Amino acid sequence: MAEYSVLLHMYLNEETLQKRYTFTICKTVMGKDELCTTKLLVDLINEEKDVKNKKRLLHDNEVIYAKFLGKKIEPIPLLLEYDCL
């Protein structure tokens, strides 16, 4: 799963100094030009036409979600950002 990465977002309320953390799952893919680019996994899933590949990407999304948060929750909704619980 080395082709996956997680972006951590911190939202800071300047008035109250409250922090909110979320994360986004990304995947590094090789393009037709043989250059690697990092894409949002939610976009790759939504763009995927092949059912088998889409199921694999959805499964990978669940695995990374569970590893990042240290707990397994099923089913996981497909979102751009997940809250760090």
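Residues numbered from 1 in each chain as written. Predicted model: local features only at pLDDT ≥ 70, side-chain atom pairs only at ≥ 80, totals over all residues. Heavy atoms only, no water.

Student: Report on the nonpolar core, specifying residues and quantitative values.
Tutor: Counting 12 residues, the largest nonpolar core consists of Tyr4, Phe23, Ile25, Leu41, Leu44, Ile45, Leu57, Ile64, Tyr65, Leu69, Ile76 and Tyr82. The set of elements that each furnish at least two residues to this core consists of β2 (19-30), α1 (41-47) and α2 (51-69). Among the elements that line this core, the one with the most residues is α2, at four residues. With residues near it in sequence (within four places) discarded, Ile25 still touches Tyr4, Ser5, Leu40, Leu41, Asn61, Ile64, Tyr65 and Tyr82. (Core = buried A, V, L, I, M, F, W, Y, C linked by side-chain atoms within 4.5 Å. Buried < 20%, exposed > 50% of the residue type's maximum accessible area, 1.4 Å probe, protein only. Helix = DSSP H or I, 4+ residues; strand = E, 2+ residues; numbered from the N terminus. Contact = heavy atoms within 4.5 Å.)

Student: Before we move on, can you summarise the pairing of β2 with the specific residues and values?
Tutor: Pairing of strand β1 (residues 4-12) with β2 involves nine bridges; the strand directions are antiparallel. Looking at β2, one finds that Tyr11 is bridged to Arg20. Following β1, the chain reverses through six residues before pairing antiparallel with β2; Leu17 in that reversal takes a positive phi of roughly 60 degrees. Summarising the sheet, β2 and strand β4 (residues 82-83) pair through two bridges and their orientation is antiparallel. Paired with Phe23 across the strands is Tyr82, a residue of β4. (Pairing = 2+ DSSP bridges.)

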